[in-house]
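Fold and contact review
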Amino acid sequence: MTNPLLQPWTGAFALPPFAEIRDADFAPAFEAALAEARAHVAAIAGSSQPASFANTIEALELAEETLDRVSAVFFNLAGAESTPEREALQRDLAPKLAAFASEVTMNAGLFARIEALWAARDTLGLNAEQARVLELYRRMFVRAGAALDAAGRARMATVKERLAVLSTAFTQNLLADERDWALPLAETDLVGLPEFVVATAKAAAEERGAEGHMLTLNRSLVVPFLQFSPRRDLRETAYAAWVARGENGGATDNRAIATEILALREERAKLLGYESFAAYKLEPEMAKTPEAVRDLLMRVWEPAKARAETDAAVLTAMMHADGINGDLEAWDWRYYAEKRRLAEHELDEGELKPYFGLETMIEAAFDCAARLFGLAFRPLDVALYHPDARAWEVTRGGNHVAVFIGDYFARASKRSGAWCSSFRSQRKLGAEQRPVVVNVCNFAKPARGEPALLSWDDARTLFHEFGHALHAMLSDVTYGFIAGTSVARDFVELPSQLYEHWLDVPEVLDRFARHARTGAPIPAALRDRLLAASTYDQGFATVEYVASALVDLAFHDGTAPADPMAVQADILAGIGMPHAIRMRHATPHFAHVFAGDGYSSGYYSYMWSEVMDADAFEAFRESGDAFDPATARRLEANILSAGGSREAEDLYTAFRGRMPGVEPLLKGRGLLDEIASERA
Ligand SMILES: [Zn+2]
C-alpha cells in the first residue's frame, strides 16, 4: 500500500490529503523521510566538488523537503487534534528528530564547506539575501556546536535529545491535566452567570458526553466563570485547579521536568562558552543581553505595580462592602474588576458579547487585510483534519497568495492557547511554493444551534493570530530558511500585536461588531464605552505578564536553579508581587518556556515587540488614516514580506525611519500617568 504522506500531493493547492492519511502512516513516513534527508545531507557533505553556495546552502535548503512536509502535518495534528496514538508517536519521535538535527549541525564535512564559503563570502558574488542566508546558516551551525571538539559534540547531541524528550513530556502532562479536570455545575451554581457562560458550560458538558453543565480549565470558560460567578467558594475551587496544572503530583507533575530542563540548558550554553543560557539565547535577538531585557521589564514593572496596588485597594473595598472581610485573593480579582468595569465604564461583558460573533470577526480580520494589502478571501470546500477547521484561498489581483486555515474552537484533543503555524512555508528556490498557514484558537464552542460568540479578548486573539498569518502569507523571499515568521523572537510578535490595533478602529467596529441575532450594529455609545475602557485593568494584565517574564529570565540568567519553585517564590517576593495577582503562567504550566525552546528566556518578547507595535500603529495615526495605503505598502515591503532577510532593527528602521522608545507602549497601556505621579 502506498503511503499518502510520501506521494506527491496532487489535490487542490497541493494540500495534505488529510482524508487519506491514517495514523499508522506517520511512523513509516518519518522513517523514509529521515533516510532520504540523511542521504541528501551525506551527498552534500561528501561532494568532491569545491563548496559553492548552490551545491551547499541551496542544496541544504531542499535536502529535508519530505521530512519538512511530513513533520508539518504531524506536529500540526499533534497540537490541534491529539490522540493517544499521536502522543505516543510524538514521544518516540522527539529524540529521533533531535538526534537527526544534531547529526546535521555536527557534520564536520558539512561545517567545513560552510566555513569555506564564509571565508570566501566577499568573492562569491552573493546577493544580499544570499549573504544573509549564508551568515544565518553559519550562525546556526556554530550555535548548535559544530565548532566543538568530538567529545563536546557528542555531549551536545545527548543533551539536546534529552531536552526534546523532556519538553514533549511537559506538553503532554499539561494537556492531560487540562483534559482530566472538570467540575459538574448544578443549576444553583449557575446563578449570576451571563447566558454565554451558561451556554459554554453546557457545550463543555456536551463535548464530554455529559448532561447539564460543566466547568473545565479552558481559558475561554474558566476566565469568564471567575469574572462572573458570585460564588466565592466555586471561584476558589476553579482557580486552584487552573493554577495547579502541571503541579498535581503523580505522573503528570512538571516540576522535576522543569528543573532538569533548566540544568541541561545551562550545560548546553556553557559547552558553547556562554556564561548562561540567557546570554546564549539572547545574542541573536534584538535585545542582545539579559540586562537589556531586565531594563525594559523593570521600566514597565514599577508603573504597572503602582497601578495594580491602587486598583487592589478599590477592589478590596468593594469586596468588604459585599460583607466579605479579609484580603482580596487571586480568585476575587476578576470578579470585582468586572463589577467595577460595569460601575465605572458601564461596560458589561455580557452586553458586549453578542456583538462579537466569530463569523463577523473573521470577516473583519479579512476586510482589514483587503483594505491594507488588497487581499481577497474565498472559502474552500476541502477536507481538513477536523470538521471544525475551515480553509480559504487568499488571492491578490486574481493571483494565488496562500491557503489560510482557521481552526477556532476548543476541544479536549487540542492543546491550550492560540497559535499560528504552517503546513507549508513560502519560498522561491526551485519552483515557487506558496504557503499554507493555520490559525488555531480555543474559543468556546457554542451549544448546538447557537451562534459562536467571542469575548473582546478572544476577538483580539483572533486578530493577533491573523497578524502572524499575514506575516507568513505575504512572505516574498527566495529561501525558506528566512521566510515569513523566521525572524528574531522579540520581533516576531510585531506583526501580530500590530494587527490587534485595527480591531480598535471605530469604523471597523461599526461595520463588523453586529448583534449575532438581530444583525444590528453595535450602539455608538457602547462602542465608545468599550474603547474608553481599553486601558482598564492594565495594571493587573501588565503585572501578571511582567512577573512571568522576569521569572523566565531569572531561570536562565546565571546558574540553573536546583529548586525552580523556590526561585520563582524568591523573585516574586523580591519584586513585591501584589498579593491578589499571580503569574500569568506559573512554572509547572509555563508552556512558552518549557514545552520547547522557542520562548525560553524569551517570554519578554511580547513586550519588546509591543514597544514597536505601539509605535508602528502611530505611523498610521500620523497619516490620518488607519488604512493609509502608503504606510501599508511600507509595512508590507519592509516587514511583512521581508521575513528574516535583514536584521530586525534594520527592517523596523526601514519602515519607520527610526527605532521607538518605551513611551508609546506605556501610553497604550494607560500607564504613563503612573510614571508622572511617581516622579512628582
Ligand atoms: Zn503571537
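Everything below is about the structure printed above this text.
Residues numbered from 1 in each chain as written. Predicted model: local features only at pLDDT ≥ 70, side-chain atom pairs only at ≥ 80, totals over all residues. Heavy atoms only, no water.

**What about the overall build of the chain?**
To be explicit about the condition: Helix and strand definitions here come from DSSP, where helices need a minimum of 4 consecutive H or I residues and strands a minimum of 2 consecutive E residues; each element is numbered from the N-terminal end. Between the two quantities, the radius of gyration covers C-alpha atoms and the globule rule is 2.2 Å times the number of residues to the power 0.38. Throughout this description, buried means an accessible area under 20% of the type-specific maximum (1.4 Å probe, protein chains only), exposed means over 50%, and partly exposed covers the range between. Contact criterion: two residues are considered in contact whenever any of their non-hydrogen atoms come within 4.5 Å of each other. Positive: Lys, Arg. Negative: Asp, Glu. His and the chain ends are not part of the count. Where a charge lies is defined by one atom per residue type, namely NZ (Lys), CZ (Arg), CG (Asp) and CD (Glu).
When helices and strands are tallied, the chain shows 28 helices and seven strands. The C-alpha radius of gyration computed for the chain amounts to 25 Å, which stays within 12% of the reference 26 Å derived for 680 residues, consistent with globular compactness. Dimensions of the chain, computed from the C-alpha atoms along their principal axes, are close to 80 × 55 × 55 Å. When each of the 680 residues of the chain is scored for burial, the buried share is 57%. Nonlocal contacts in the chain, meaning residues at least 24 apart in sequence, comprise 73% of its contacts between residues at least 6 apart. Distance between charge centroids for the chain: 2 Å, based on 70 positive and 97 negative side chains.

**Quick notes on the coordination of the zinc ion**
What counts, and what does not: Distances define the donors: N, O and S atoms within 2.8 Å of the metal qualify, as do those within 3.2 Å of Na, K or Ca. Water is excluded, so some sites may look unfinished.
Distances from the zinc ion to its protein donors, His 464 (NE2), His 468 (NE2) and Glu 493 (OE), fall within 2.1 Å. Binding-site remark: the zinc ion is held by donors from one chain whose sequence spacing is H-x3-H-x24-E. Of the two residues, His 464 and His 468 both sit in helix 17 (residues 456-473), four residues apart, roughly one turn of that helix. Relative accessible area serves as the criterion here: at 10%, His 464 is assigned to the buried category.

**Digging into the environment of Glu 20**
By secondary structure assignment, the location of Glu 20 is in the segment before helix 1 (26-45). Sequence spacing of Glu 20 and Ala 240 is 220 residues, and the spatial spacing of their C-alpha atoms is 43 Å. If we ignore the near neighbours within four places in the chain, the residues touching Glu 20 are Pro 4 and Asp 25.

**A word on helix 14 (residues 330-345)**
Which entries qualify depends on this criterion: For a helix, the expected span equals 1.5 Å multiplied by the number of residues minus one.
Helix length check: helix 14 (16 residues) gives 22 Å between terminal C-alpha atoms against 22 Å at 1.5 Å per residue, within 8%. Of the residues making up helix 14, those classed as buried are Ala 330, Trp 331, Asp 332, Trp 333, Arg 334, Tyr 335, Tyr 336, Ala 337, Glu 338, Arg 340 and Arg 341. At its buried positions, helix 14 is contacted by helix 9 (219-228), helix 10 (232-243), helix 13 (290-321), helix 15 (349-352) and helix 21 (538-556). Following helix 14 by one or two positions, Glu 346 adopts a phi angle in the positive range, close to 50°.

**Focus: the pattern of salt bridges**
Using the following cut-off: Whenever a carboxyl oxygen of Asp or Glu lies within 4 Å of a side-chain nitrogen of Lys or Arg, that contact is scored as a salt bridge.
Counted according to the given criterion, the structure contains 55 salt bridges. Here Asp 504 makes a salt bridge to Arg 460, at a shortest N to O gap of 3.3 Å. Of this pair, Asp 504 sits in the loop between helix 18 (489-500) and helix 19 (506-512) while Arg 460 sits in helix 17; the two residues are 44 residues apart in sequence, bridging distant segments of the chain. With a relative accessible area of 22%, Asp 504 lands in the partly exposed category. Among the ionic pairs, Arg 656 bridges to Glu 622, the shortest N-O distance being 3.1 Å. With Arg 656 in helix 26 (residues 648-656) and Glu 622 in helix 24 (residues 605-623), the pair connects residues that are 34 residues apart, well separated along the chain. Relative accessible area serves as the criterion here: at 55%, Glu 622 is assigned to the exposed category. Each of Glu 81, Asp 407, Arg 411 and Lys 414 takes part in a single network of salt bridges with overlapping partners.

**Side note on unusual backbone geometry**
In this model, Lys 288 sits at a positive phi of 70°, which is unusual for a non-glycine residue. You can see Lys 288 is positioned in the loop between helix 12 (277-282) and helix 13. Classification of Lys 288 by relative accessible area gives partly exposed; the value is 42%. Positive phi outside glycine occurs at Asp 537, with the angle close to 60°. Relative to the assigned elements, Asp 537 resides in the loop between helix 20 (524-532) and helix 21. What makes Asp 537 buried here is its relative accessible area of 16%.

**Notes on the sheet that holds strand 4 (residues 389-396)**
Working definition: the strands of a sheet are paired by backbone hydrogen bonds and lie parallel or antiparallel to each other. Note the threshold: Should DSSP find at least two bridges between two strands, the strands are regarded as paired. Structural elements are reduced to axes, namely lines fitted to C-alpha atoms, with helices fitted over the stretch in contact, and the angle between N-to-C directions of any two is expressed from 0 to 180 degrees.
Taken together, the five strands give an open sheet; going across it, the order is 3-4-5-7-6, and neighbouring strands pair in mixed fashion. Because the sheet does not close on itself, it has two edges, and the strands there are strand 3 (375-380) and strand 6 (419-424). Strand after strand, the sheet turns through a mean of 30° between neighbouring axes, direction not considered. As paired elements, strand 3 and strand 4 share six bridges and run antiparallel to each other. From the neighbouring strand, Pro 379 faces strand 4, where its bridge partner is Trp 392. Contacting strand 3, strand 4, strand 5 (399-409) and strand 7 (436-443), helix 16 (residues 358-373) runs over the sheet at an angle of about 15° to strand 4.

**Overview of the nonpolar core**
Put simply, the rule is: In this description, a nonpolar core means a group of buried Ala, Val, Leu, Ile, Met, Phe, Trp, Tyr and Cys residues linked to one another through side-chain atoms lying within 4.5 Å.
By size, the foremost hydrophobic cluster in this structure holds 134 residues, and its most contacted members are Trp 333, Phe 356, Leu 462, Phe 466, Phe 491, Tyr 499 and Trp 502. If sequence neighbours within four positions are ignored, Phe 466 has contacts with Ala 365, Phe 366, Ala 369, Phe 377, Phe 404, Asn 439, Met 473 and Tyr 499. Counting 57 residues, the second largest nonpolar core, distinct from the first, contains Ala 37, Phe 423, Leu 429 and Val 440.

**Topic: the packing of helix 1 against helix 5 (residues 108-119)**
For any two helices packed against each other, one specifies the inter-axial angle together with the distance between the axes. Rule in force here: Roughly parallel means an angle under 35 degrees; roughly antiparallel, over 145; roughly perpendicular, 65 to 115; everything else is oblique. For any pair of crossing helices, the crossing counts as left-handed if the nearer helix is rotated counterclockwise from the farther one by less than a right angle, and right-handed if it is rotated clockwise. Residues are grouped as follows: nonpolar covers Ala, Val, Leu, Ile, Met, Phe, Trp, Tyr, Cys and Pro; charged covers Asp, Glu, Lys and Arg; every other residue, Gly included, is treated as polar.
Running from amino to carboxyl end, helix 1 crosses helix 5 at an angle of 50°, the nearest separation of the two axes being 8 Å. Classified by the interaxial angle, the pair formed by helix 1 and helix 5 is oblique. Pair helix 1 / helix 5 crosses with left-handed handedness. Listed contacts from helix 5 to Val 41, Ile 44 and Ala 45 of helix 1 are Gly 109, Leu 110 and Arg 113. Classifying every residue of the contact of helix 1 with helix 5 by side-chain character gives four nonpolar, one polar and one charged.

**Concerning the state of the cysteines**
Put plainly, two cysteines are in a disulfide when a covalent bond ties their sulfur atoms together. Short version of the rule: Two cysteine sulfur atoms make up a disulfide if the distance between them is within 2.5 Å.
Counted under the stated rule, the structure contains zero disulfides. With no disulfide of its own, Cys 368 lies 16 Å from the sulfur of Cys 441, the closest cysteine sulfur.

**Quick look at helix 1**
Quick note on the threshold: The arc under discussion is defined with respect to the helix axis, by the directions toward the C-beta atoms.
The end-to-end C-alpha separation of helix 1 is 28 Å, in line with the 28 Å expected for 20 residues at 1.5 Å each. Inspection of helix 1 places Phe 26, Ala 29, Phe 30, Ala 33, Leu 34, Ala 37, Val 41, Ile 44 and Ala 45 among the buried residues, and these make up the whole buried set. Seen end-on, helix 1 carries its buried residues on one side only, within an arc spanning 130°. In helix 1, those exposed residues whose orientation departs by more than 90 degrees from the buried face are Glu 31 and Ala 43. Contacts from the buried residues of helix 1 go to helix 2 (53-63), helix 3 (65-80), helix 4 (84-105) and helix 5.

**So, the environment of Val 508**
Locating Val 508 in the fold gives a position in helix 19. Leaving out residues up to four positions away in the same chain, Val 508 has contacts with Ala 364, Cys 368, Trp 502, Ala 513 and Phe 627.

**Notes on the side chain of Arg 411**
Convention followed: Whenever a nitrogen or oxygen atom comes within 3.5 Å of another N or O atom, the pair is scored as a polar contact, on the condition that within protein one atom can donate a hydrogen and the other can accept it, and that pairs from neighbouring residues in sequence are kept only if both atoms are in side chains.
Structurally, Arg 411 is set in the loop between strand 5 and strand 6. A distance of 3.0 Å separates the side chain of Arg 411 from the backbone oxygen of Ala 80, its partner in a polar contact. The contacts of Arg 411, once residues within four sequence positions are left out, are Ala 80, Glu 81, Glu 207, Tyr 385, His 386, Asp 388 and Asn 442.

**Some words on the packing of aromatic side chains**
Note the cut-off: Within 6.5 Å between ring centres, the rings of Phe, Tyr and Trp (the latter by its six-membered ring) count as paired, and their orientation is classed by plane angle as stacked under 30 degrees, edge-to-face over 60, tilted in between. Cation placement over rings: the criterion is NZ of Lys or CZ of Arg within 6 Å of the ring centroid and within 35° of the ring normal.
Taken as a whole and assessed by the stated rule, the structure comprises 41 aromatic pairs. Here Tyr 274 and Tyr 280 contribute two aromatic rings whose centre-to-centre distance is 5.3 Å and whose plane-to-plane angle is 70°, an arrangement assigned as edge-to-face. When the ring of Phe 463 is compared with that of Tyr 499, the centres are 5.5 Å apart and the planes differ by 25°; the resulting orientation is stacked. With Phe 463 in helix 17 and Tyr 499 in helix 18, this residue pair connects regions lying 36 residues apart in the sequence. Taking the relative accessible area as the measure of exposure, Phe 463 reaches 0% and is therefore buried. Put simply, the rings of Phe 366, Phe 377, Trp 392, Phe 404, Phe 463, Phe 466, Tyr 499, Trp 502, Phe 617 and Phe 620 pair up and form one aromatic cluster. Sitting above the plane of the Trp 419 ring, Arg 415 keeps its charged end 3.9 Å from the centroid. The cationic tip of Arg 489 hangs over the ring face of Tyr 599; the distance from NZ or CZ to the ring centre is 4.4 Å.

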